[in-house]
Amino acid sequence: MELFLDTANLQQIKEVAEMGIISGVTTNPTLIAKEDPSVSFKQRILEIYQIVGGHVSVEVVSTEKDGMIREAEEIISWFPEATIKIPMTPQGLSAVKELSKREIPTNVTLIFSATQAIAAHQAGATYVSLFLGRLDDIAYDGIAVLNDICEIWDVQGYDSLIIAASIRNPIHIVEAARAGADIATIPYNVLMQSLKNPLTDRGIELFLQDYDKFITERQKSMLI
Ligand code: E4P
């Protein structure tokens, strides 16, 4: 399973890209709105692309097919590798169909059920994004829906890529990998939390203490 970072924050992307663990970034209007408004949308997206050098999903804000396609064309003119994030609506599906004909990659977002995922695949989506956390928020089992989607993809031999999105905690990452999601897109805090373990910190502390002890003993023995 590949890891994407779910953020529009350049510092966070730089820090995580530096570790070599992410192959892409997903953004959405809410994530963009959290950042410095003096930086234009285009400039932010291009800077994200420069840092990550891989997948960048950029979401449209039009609700009509033609508007979505116009936005997609504009984004593609900034950098042709862009993936266009399209909401899971009838208009969105029509836009995906058209963009897929033109071989423009799409990520269908705001998917909450297996039937929506199947429809997005049939329309020609490159990626289908299931929002696990938001399902859990309303007392539905997000992982159970992801398991269904992964099983259907196996049985049907679908080739669109499944993104586990709206990840809220490290258990979601483990369960998404176990289910067979192709990608998990993870917020910075959750990703950083998932890297930490108190036993690792304690282990380093003990190694350093033991090494100091060794050096002190060695210095003592050289004085004798
Ligand atoms: C996915 O591409 C979305 O940007 C994201 O995962 C939404 O997550 P949220 O429910 O934390 O807003």
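What this report covers is the structure whose coordinates are included nearby. (Residues numbered from 1 in each chain as written. Predicted model: local features only at pLDDT ≥ 70, side-chain atom pairs only at ≥ 80, totals over all residues. Heavy atoms only, no water.)

Notes on the layout of surface pockets
Okay, step 1: Considering only enclosed or pocket space, the largest pocket measures out at about 400 Å³ in volume.
Okay, step 2: In terms of lining residues, the largest pocket is bounded by 23 residues, among which D6, N28, L31, K34 and P187 are the most central.
Okay, step 3: Those elements that place two or more of their residues in the lining of the largest pocket are α2 (29-33), β6 (127-131) and α10 (188-195).
Okay, step 4: Across the lining of the largest pocket, the residue classes tally to seven nonpolar, ten polar and six charged. (1 Å grid on protein atoms, 1.4 Å probe; cavity = no way out; pocket = protein on both sides within 12 Å on 5 of 7 lines; lining within 4 Å. Points joined across faces, edges and corners; volume = space filled by probe spheres on them. Helix = DSSP H or I, 4+ residues; strand = E, 2+ residues; numbered from the N terminus. Nonpolar A, V, L, I, M, F, W, Y, C, P; charged D, E, K, R; others polar.)

Some words on the site of the ligand
Okay, step 1: Every residue close to the ligand is listed here: D6, T26, N28, K85, F131, R134, A165, S166 and R168.
Okay, step 2: S166 has a polar backbone atom sitting 2.7 Å from an oxygen atom of the ligand.
Okay, step 3: Side-chain polar atom of R168 to an oxygen atom of the ligand: 2.9 Å apart, as the coordinates give it.
Okay, step 4: Here the ligand loses 86% of its free accessible area of 350 Å² to cover by the protein chains.
Okay, step 5: A molecule is said to occupy a pocket when more than half its atoms come within 2 Å of that pocket's grid points, and by this definition the ligand occupies the largest pocket.
Okay, step 6: Tallied by class, residues from the shell around the ligand come to two nonpolar, three polar and four charged. (Near = heavy atom within 4 Å. Polar contact = N/O pair within 3.5 Å; in protein donor to acceptor, adjacent residues only side chain to side chain. Areas by Shrake-Rupley, 256 points an atom, 1.4 Å probe, with all protein chains shown as cover. Sits in = over half its atoms within 2 Å of the grid points.)

Here we look at the environment of K34
Okay, step 1: Its location among the elements puts K34 in the loop between α2 and α3 (41-52).
Okay, step 2: For K34, a relative accessible area of 61% translates into the label exposed. (Buried < 20%, exposed > 50% of the residue type's maximum accessible area, 1.4 Å probe, protein only.)

Here's the deal with the packing of helix α1 (residues 10-18) against α3
Okay, step 1: The contact between α1 and α3 brings their axes to 9 Å, and the two run at 10 degrees. By the angle class used here, α1 and α3 are roughly parallel. Facing α1, whose interface residues are L10, I13, K14 and A17, α3 presents R44, E47, I48, I51 and V52.
Okay, step 2: A per-class count over the contact of α1 with α3 returns six nonpolar, no polar and three charged. (Axes fitted to C-alpha atoms, helices over the stretch in contact; angles between N-to-C directions. Parallel < 35°, antiparallel > 145°, perpendicular 65-115°, else oblique. Contact = heavy atoms within 4.5 Å.)

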